Amino acid sequence: QVQLVESGGGLVQAGGSLRVSCAASGSFFSINTMGWFRQAPGKQRELVATISSGGTTNFADSVKGRFSISRDNAKNTVYLQMNSLKPEDTGVYYCNADIQMRIRWPTSNYWGQGTQVTVSS
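The residue count restarts for each chain, going from 1 along the sequence in the order it is written. Local features in a predicted model are, by the rule used here, given only for residues with pLDDT of at least 70; side-chain atom pairs are given and counted only at 80 or more, and totals for whole chains, interfaces and linings are based on all residues. Side-chain figures throughout are based on the complete set of non-hydrogen atoms in the structure, without hydrogens or water.

### Here's the deal with the pairing of strand β1 (residues 3-7)
For clarity, the cut-off: Burial classes: relative accessible area under 20% of the type maximum marks a residue as buried, over 50% as exposed, and values in between as partly exposed (1.4 Å probe, protein chains only). By the criteria applied, helices consist of DSSP H or I runs no shorter than four residues and strands consist of E runs no shorter than two, each listed in order from the N terminus. Note: two strands are recorded as paired if DSSP finds a minimum of 2 bridges between them.
Here β1 shows one buried face, formed by Leu4 and Glu6, and one open face, formed by Gln3, Val5 and Ser7. Here β1 pairs with strand β3 (residues 18-25) via five bridges, running antiparallel. Its bridge partner lying in β3, Glu6 is registered against Cys22.

As structure tokens, this is what we get:
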């Protein structure tokens, strides 16, 4: 069974920084793309950033230049560094990963339980 466990959320003032982490655990062959999504109250879940196994990154326009994403493949962990935070960045941040359970199997998509990020004005 695969688990994605997020950590590092919290309360921060506007203009501040926060880093969230997500570690994948369990028995699997490999992890392909990992990423972060967020969901604000009353809104749909939206993409924040993704990173491929080779390190190619993709960001939502709203966070470009402020957020960075990285991963440590040896630790099966993805990080989201959030700088110059704004109140509109508030939401539950969810980790997402495409995981290949066994060699030659197709990937399956997994979600973490979410971590709350609140940016006060």
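### Some details on the pairing of β3
As judged from the six bridges shared by β3 and strand β8 (residues 77-82), these two strands associate in the antiparallel manner. If you follow Ala23 over to β8, its bridge partner there is Thr77.

### Concerning the pattern of salt bridges
Under the convention used in this document: Here, a salt bridge means any Lys or Arg side-chain nitrogen found within 4 Å of an Asp or Glu carboxyl oxygen.
This structure, assessed with the given rule, holds four salt bridges. Between Arg38 and Glu46 there is a salt bridge whose closest N-O contact spans 2.7 Å. In this structure Glu46 comes out as partly exposed when scored by relative accessible area, which is 36%. As a salt-bridge pair, Asp89 and Arg38 come within 2.9 Å of each other at their nearest N and O atoms. Here Asp89, found in the loop between β8 and β9 (91-100), pairs with Arg38, found in strand β4 (residues 30-39); they are 51 residues apart in sequence, far enough to count as distant. By the burial criterion, Asp89 is buried, and Arg38 matches it.

That is the geometry; function is a separate question.
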